[in-house]
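# Reading the structure
Okay, here's what each chain looks like letter by letter:
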Amino acid sequence: MKRTASAVWQGSLKEGKGTLTAPGGALKNTEYSFGSRFASGAGTNPEELIAAAHSGCFAMAFSMILGGEGFTPERLDATAEVKFEEVAPAGWTITESHLIVKGKVPNITAEKFAELAAKAKAGCPISRVLNAKITLDAQLV
């Protein structure tokens with residue numbers, strides 16, 4: 001299975017702008033720019049999209065692992081906070097993705113919830129592809 005997305009960039013780094021498109025429909029000529037990446041400009045940025053991919057992947061992996069242990073989550077709210085910083089000599093890079101999950105899962109202890117969340121963090125395909133420190137806060141609600 002292959003998934004694709006495409007980017008079109010026009011102009012210089014700081015003054016230019018681009019669009020991102022994914023066949024699934026989530027991105028359709030979605031704008032991105034230097035301002036949306038390094039400041040608070042309109043549009044998205046690659047790091048935000050990685051955060052979305054990581055949180056979505058983790059939530060699905062966690063649901064699978066919970067199900068394998070006999071638990072059915074009523075709700076999992078997952079967030080990924082991606083840290084993007086300048087690191088010499090490589091330049092700008094993602095150095096960390098911090099996962100935060102709050103879940104409503106009947107009949108599970110907080111300890112078991114945290115244990116299974118850690119398994120999902122380690123096994124999620126996006127976690128495995130990122131060359132960054134990945135941390136997790138898991139909270140049963």
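To keep things clear, this report deals only with the structure shown in the data block. What you see is a predicted model; the values in this text were computed from it and never measured. (Residues numbered from 1 in each chain as written. Predicted model: local features only at pLDDT ≥ 70, side-chain atom pairs only at ≥ 80, totals over all residues. Heavy atoms only, no water.)

## Structural notes on the pairing of strand E2 (residues 17-21)
Residues Gly18 and Leu20 of E2 are buried on one face, while the alternating residues Lys17, Thr19 and Thr21, pointing to the opposite face, are not. Pairing between strand E1 (residues 6-10) and E2: five bridges, direction antiparallel. Bridging across to E2, Trp9 finds its partner in Gly18. Hairpin connection of E1 to E2: six residues between the antiparallel strands, including Gly11 at a positive phi of 100°. (Buried < 20%, exposed > 50% of the residue type's maximum accessible area, 1.4 Å probe, protein only. Helix = DSSP H or I, 4+ residues; strand = E, 2+ residues; numbered from the N terminus. Pairing = 2+ DSSP bridges.)

## Some thoughts on the packing of helix H2 (residues 46-68) against helix H3 (residues 110-123)
At a minimum axis distance of 8 Å, the contact between H2 and H3 shows a crossing angle of 125°. Looking at the two axes, H2 sits oblique to H3. Considering how the two elements wind past one another, H2 and H3 form a crossing that is right-handed. Touching Phe58, Ala61, Phe62, Ile65 and Leu66 of H2 are Phe113, Leu116, Ala117, Lys119, Ala120 and Lys121, all from H3. Here the contact of H2 with H3 is composed, by residue class, of nine nonpolar, no polar and two charged. (Axes fitted to C-alpha atoms, helices over the stretch in contact; angles between N-to-C directions. Parallel < 35°, antiparallel > 145°, perpendicular 65-115°, else oblique. Left-handed = near helix turned anticlockwise from the far one by under 90°. Contact = heavy atoms within 4.5 Å. Nonpolar A, V, L, I, M, F, W, Y, C, P; charged D, E, K, R; others polar.)

## What to know about the pattern of salt bridges
The full count for this structure, using the stated rule, is six salt bridges. Residue Asp77 is joined to Arg75 by a salt bridge in which the shortest nitrogen-to-oxygen separation is 2.9 Å. According to the relative accessible area criterion, Arg75 is exposed, its value standing at 52%. When the shortest N-O distance is used, the salt bridge between Lys112 and Glu115 registers 3.5 Å. Residue Lys112 and its partner Glu115 are located together in helix H3, separated by three residues, close to a single helical turn. Because the salt bridges share partners, they merge into one network encompassing Glu69, Lys112, Glu115 and Lys119. (Salt bridge = Lys/Arg side-chain N within 4 Å of Asp/Glu carboxyl O.)

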